[in-house]
Amino acid sequence: MLAIEDLWVSIDGQEILKGVNLRIPAGETHVLFGKNGSGKSTLLMTLMGFPRYIVRQGSIRLKGQDITHLPTYERARLGLGLAFQRPPTIRGVRTRDLLAACAGGRSYQYLVDLYEFAPFLEREVNYGFSGGEMKRSELLQLLVQDPAMLLLDEPESGVDLENLQVVGEIINRLLQKDRRRSHREKSGLIITHTGFILDYLDADSGYIMLEGKIPCQGNPREILQHLKKFGYEECARCMR
Amino acid sequence: MSEVKERAERSKDKKAALGSDLDLQAFSRQGGEWEYDPDYQSFSPEERQHLLRAGIELTDLEHAGTFLQADRGVVHCKASQPGLEVLPITEAMNRYGWLSEHLWRLVAVDADKYTARTELALDNGYFIRALAGAQVPRPVETCLYLRTDGFAQHVHNVVIVEPGASLHIITGCTTHPQVRSGLHIGVSEFYVRAGGQLTFTMIHNWAEDIHVRPRTGVLVEEGGRYLSNYLLLRPVKTVQMYPTVRLVGPEAMARLHSVLVAHPGTELDVGGRVILEAPHTRAEVIARTLSMGGACMSRGHLLGLVPQVKAHLECRGLILSPQGLIYAVPELEGRVAGVELSHEAAVGKIAAEEVEYLMARGLDEEEAVSTIVRGFLSVKIEGLPPALEEEVGKTIRETGKGL
């Protein structure tokens, strides 16, 4: 589904990603751990094609197509969907209109009803939303958009326990976790700092990002256990 | 000569406190007489379409009353509901001796040369009254129309909403499709008596070389509500207006919303002042300003004179052109302890992160920008007839295109 090869990225002239390699097959969910400032969000923003993130070297392929230099909206239309960690507020634009734009004419009312989102439809996009409401809004937009490859940036951050349950449910739906593994088509790359989200979903593979590189890959739960026990410092030592 | 006339005479060359100065001699006072038109037969399809852009539908069917003045001539005037009165102001002055007490009470005749000129060379204007307790569910439509190129139109309007009555006026101000230049001076004095409600929606759709100088004063008594919507979306040369609303009775309320687009060559100096003079009065002044290359002074002033009043002022501006200018001047003035006045002002360009966010949802850059602009300009105006609502929506969509 997604193949990243030797990706070097800089922001404002500063090199952030230094040769990242990653392959996510169709139907699999991968988790990327890393401490703040390690380059996790930069990777997601680069994948989505935001202009500030300059690809110096390497390539990004989605479903076999090279998207390294495509504009953001074309990547979205090809099936890439991003849930932002801190989405912007857009005053005056109603959430209903944004969902309609995501839907491209498809019906989405049943999803609004299912996740009890109707009270938010007339509100301005993300204006006055709590952390949990914001995440629900982000994930609902993705449900409506129906991307093949999901990018989730810290889905658990700023969410209380009650909302985390719902966030987990929606992510599982997005990633078709109700299907047998061999029947899943959607893939996901989830960034997490704490790993809390793993209490609510199964992931197939995990990575650690350190200083713009991905030195470790393994079972995500084992990586999380390791991080809980030794922290990221141990990873840094290991890398040296 | 009456004292009012004398004061006007003394002020006929007095510059306005705000806005660019105009030479009144540059505008024509010749002609401008038009026949009364009971069936709107004198309007071409082109004119009808143009009027619709300012919210004017040439029909009596969907309105509780109508008033249409072209240049100096009243061409249509009708009230279609009991409890509602619509008259040319000159006729109302002849009919009601008490009306003189309501003229120049909320706007000073010697405020500037524009008020003075209106007194000294009045064309006409409307008098609209909702009698006590009258509920007028359909809007009253008024239109002040410049039909002769270069003409200066002087009108004086009075609206009285008597106790417990409710009224919505939609006023469209526009020009004939062939008119390019001219001046509109409109003095308006609105009285909202105890428990009454006046919704006043004004849509300006002028031409590129038109100058506009409205002068408005509003008085709201106990429990009364004054709701004002002002839309200026199309090009104009200059507009300078600064309506003042006085909330004189307890629990009176005012809400002033304006949406302004300054096109290249346009100079706007627009704002609103609310004076909270009685306890438990409330006010909200909200302005959204978009510069596409023109200049806009966006003013707002909340003045709290007694304790236990609450008011909020919001000026938000977007500049979409390197030549654009928006100058927001929010003023809060509390003269006693116990007033609660707040403001929020922001002027800037469209945030890149907002555009990128929408692009991540599949909108291309142009769609993303126009979505943000539409949202910025969109205002929900209660009680707009569907055709007008559609027209306003269309104008806003057009404004957001091609940015």
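Conventions adopted
- Residues numbered from 1 in each chain as written.
- Chains lettered and ligands numbered in written order.
- Predicted model: local features only at pLDDT ≥ 70, side-chain atom pairs only at ≥ 80, totals over all residues.
- Heavy atoms only, no water.
- Helix = DSSP H or I, 4+ residues; strand = E, 2+ residues; numbered from the N terminus.
- Rg over C-alpha atoms; globule rule 2.2 N^0.38 Å.
- Buried < 20%, exposed > 50% of the residue type's maximum accessible area, 1.4 Å probe, protein only.
- Contact = heavy atoms within 4.5 Å.
- Areas by Shrake-Rupley, 256 points an atom, 1.4 Å probe, with all protein chains shown as cover.
- Lys, Arg positive; Asp, Glu negative; His and termini not counted.
- Charge placed at Lys NZ, Arg CZ, Asp CG, Glu CD.
- Core = buried A, V, L, I, M, F, W, Y, C linked by side-chain atoms within 4.5 Å.
- Buried area = accessible area lost by both parts, 1.4 Å probe.
- Salt bridge = Lys/Arg side-chain N within 4 Å of Asp/Glu carboxyl O.
- Polar contact = N/O pair within 3.5 Å; in protein donor to acceptor, adjacent residues only side chain to side chain.
- Nonpolar A, V, L, I, M, F, W, Y, C, P; charged D, E, K, R; others polar.
- Patch = residues over 30% accessible without salt bridge, like charges linked within 9 Å, V, L, I, M, F, W, Y side chains within 5 Å.
- Pairing = 2+ DSSP bridges.
- Axes fitted to C-alpha atoms, helices over the stretch in contact; angles between N-to-C directions.
- Expected span 1.5 Å × (residues − 1).
- Domains from an automatic or database assignment.
- pLDDT = per-residue confidence, 0-100.
- Phe/Tyr/Trp six-rings, centres within 6.5 Å; stacked < 30°, edge-to-face > 60°.
- Lys NZ or Arg CZ within 6 Å of the ring centre and 35° of its normal.
- Parallel < 35°, antiparallel > 145°, perpendicular 65-115°, else oblique.
- Left-handed = near helix turned anticlockwise from the far one by under 90°.

Engineer: Would you mind showing me how to read the overall build of chain B here?
Structural biologist: The number of helices and strands found in chain B is 7 helices and 20 strands. Relative to its length of 403 residues, chain B is compact, with a C-alpha radius of gyration of 21 Å against a globular reference of 22 Å. Seen along its three principal axes, the alpha-carbon backbone of chain B occupies a region of about 65 × 55 × 45 Å. When the 403 residues of chain B are sorted by exposure, 61% land in the buried category. At a minimum sequence separation of 6, the contacts of chain B that also span at least 24 residues come to 84%. Entry remark: accessible area of chain B is about 15,300 Å², with carbon and sulfur atoms responsible for 49%. Chain B carries 41 positive and 53 negative side-chain charges, and their two centres are separated by 2 Å.

Engineer: Would you explain the nonpolar core in this entry?
Structural biologist: It is characteristic of soluble globular proteins that their nonpolar side chains tend to be buried jointly. In this structure, L7, L43, L47, M149, L151 and L189 of chain A are the most contacted members of the largest nonpolar core, which totals 65 residues. It is helix α6 (residues 365-377) of chain B that contributes the most residues to this core, 6 residues altogether. I169, F190, M202 and V220 of chain B belong to the second-largest nonpolar core, a separate cluster that totals 59 residues.

Engineer: Please explain the interface of chain A and chain B as it appears in this structure.
Structural biologist: Reports often express the size of an interface as the amount of accessible area lost when the parts come together. Every contact between the two is made by 25 residues of chain A and, on the other side, 21 residues of chain B. Here chain A packs against chain B, burying approximately 1,800 Å² in sum over the two surfaces, 61% of which is carbon and sulfur. There are 3 salt bridges connecting chain A and chain B. Here E344 of chain B ties to R91 of chain A by a salt bridge, and the two come within 3.7 Å at their closest N and O atoms. One can count 8 residue pairs in polar contact (both at pLDDT 80 or more) joining chain A with chain B. Elements with a minimum of two residues in the side of chain A that touches chain B: α2 (72-78), β7 (90-94), α3 (95-103) and α5 (131-145) of chain A. Here the residues of the side of chain A that touches chain B are counted per class, giving 16 nonpolar, 6 polar and 3 charged.

Engineer: Teacher, can you tell me more about a positive patch on the surface here?
Structural biologist: Side chains of R53, R374, K394 and R397 of chain B sit close together on the surface and give a patch of like positive charge. You can see R53 of chain B is positioned in helix α2 (residues 45-53).

Engineer: Help me understand the sheet that holds strand β11 (residues 205-210) of chain A in this model?
Structural biologist: What links the strands of a sheet is backbone hydrogen bonding, and the strands pair in either a parallel or an antiparallel sense. All names here are of chain A. The 6 strands are arranged β6-β9-β10-β3-β11-β12 in an open sheet whose pairing can be described as mixed. Single-partner strands in this sheet number two, and they are β6 (80-83) and β12 (213-218). Each neighbouring strand pair of the sheet contributes to a mean axis angle of 20 degrees, computed without reference to strand direction. Bridge count between β11 and β12: 4 bridges; the pairing is antiparallel. Following the sheet pairing, L210 is matched in β12 by K213. Strands β6 and β9 (149-153) of the sheet are contacted by α5, whose axis makes an angle of about 170 degrees with β6.

Engineer: How should helix α6 (residues 161-174) of chain A be read in this particular structure?
Structural biologist: In an α-helix, one turn spans 3.6 residues, which is why side chains three or four residues apart end up on the same side. Residues and elements named next belong to chain A. Compared with the 20 Å implied by 1.5 Å per residue over 14 residues, the 20 Å span of α6 between its first and last C-alpha is a close match. For α6, the full list of buried residues reads N163, L164, V167, G168, I170, I171, N172 and L174. Elements that come into contact with the buried residues of α6 comprise α5, β9 and β10 (187-192). Immediately beyond the C-terminal end of α6, within one or two residues, lies Q176, with a positive phi of roughly 55 degrees.

Engineer: Looking at this structure, I do not really get the domain arrangement of chain B. What am I missing?
Structural biologist: All names here are of chain B. Per the domain assignment, the segments making up chain B are domain 1 (26-351) and domain 2 (352-403). Here the C-alpha centre of domain 2 lies 25 Å away from the C-alpha centre of domain 1. Each partner contributes residues to the interface: domain 1 has 25 residues there, and domain 2 has 26 residues. When the area that domain 1 buries against domain 2 is broken down by residue, the three leading residues are R288, I350 and A351, summing to 24%. Summed over the shared surface of domain 1 and domain 2, the number is 5 residue pairs in polar contact (both at pLDDT 80 or more). Breaking the side of domain 1 that touches domain 2 down by element, the ones donating at least two residues are α2, β7 (166-175), β9 (197-205), β11 (225-232), β14 (253-262), β16 (282-291) and β18 (309-319).

Engineer: Looking at this model, I keep getting lost on unusual backbone geometry. Mind explaining?
Structural biologist: Trans peptide bonds make up most of the peptide bonds, and negative phi angles are found at most residues other than glycine. Even without glycine at this site, E211 of chain A takes up a positive phi of about 45 degrees. The exposed category is assigned to E211 of chain A, whose relative accessible area is 55%. Backbone geometry at H280 of chain B places phi at a positive 60 degrees, although glycine is not the residue there. On the secondary structure map, H280 of chain B appears in the loop between β15 (267-276) and β16. Overall, the relative accessible area of 41% leaves H280 of chain B in the partly exposed class.

Engineer: Explain the confidence of the model for chain A to me, please; I cannot follow it from the model alone.
Structural biologist: If pLDDT is low for a region, its predicted coordinates should not be looked at in detail. Taken over all residues, the pLDDT of chain A has a mean of 90, while the share at 70 or more is 99%. Per-element averaging of pLDDT across chain A places helix α7 (residues 220-239) of chain A at the bottom with 80 and strand β5 (residues 65-66) of chain A at the top with 96.

Engineer: Is there a simple way to explain the packing of aromatic side chains in this structure?
Structural biologist: Two aromatic rings are characterised by how far apart their centres lie and by the angle between their planes. Counting across every chain of the model gives 12 aromatic pairs over all chains. Relative to Y126 of chain B, the ring of F67 of chain B lies with its centre 5.6 Å away and its plane at 70 degrees, an arrangement referred to as edge-to-face. Remark: Y126 of chain B occurs in strand β4 (residues 126-130) and F67 of chain B occurs in strand β1 (residues 65-70); sequence separation between them is 59 residues. Given the relative accessible area of 1%, Y126 of chain B is considered buried. Here the aromatic cluster, defined as three or more aromatic residues joined through ring pairs, consists of F50 and F84 of chain A together with Y357 of chain B. Of note, R52 of chain A hangs over the ring of Y53 of chain A, and the distance from its end group to the ring centre comes to 5.8 Å. Of note, R147 of chain B hangs over the ring of F43 of chain B, and the distance from its end group to the ring centre comes to 4.6 Å.

Engineer: Is there a simple way to think about the packing of α5 of chain A against α6 of chain A in this case?
Structural biologist: Packed helix pairs are characterised by how far apart their axes lie and by the angle those axes make with each other. Residue and element names in this part refer to chain A. Look at α5 against α6: their axes get within 10 Å of each other, and the N-to-C directions meet at 10 degrees. If you check the angle between α5 and α6, you find them roughly parallel. Crossing geometry of α5 relative to α6 is assigned as left-handed. On α6, the residues touching G132, K135, R136, L139, L142 and L143 of α5 are N163, V166, V167, I170, I171, R173 and L174. The residue inventory of the contact of α5 with α6, partitioned by class, reads 8 nonpolar, 2 polar and 3 charged.

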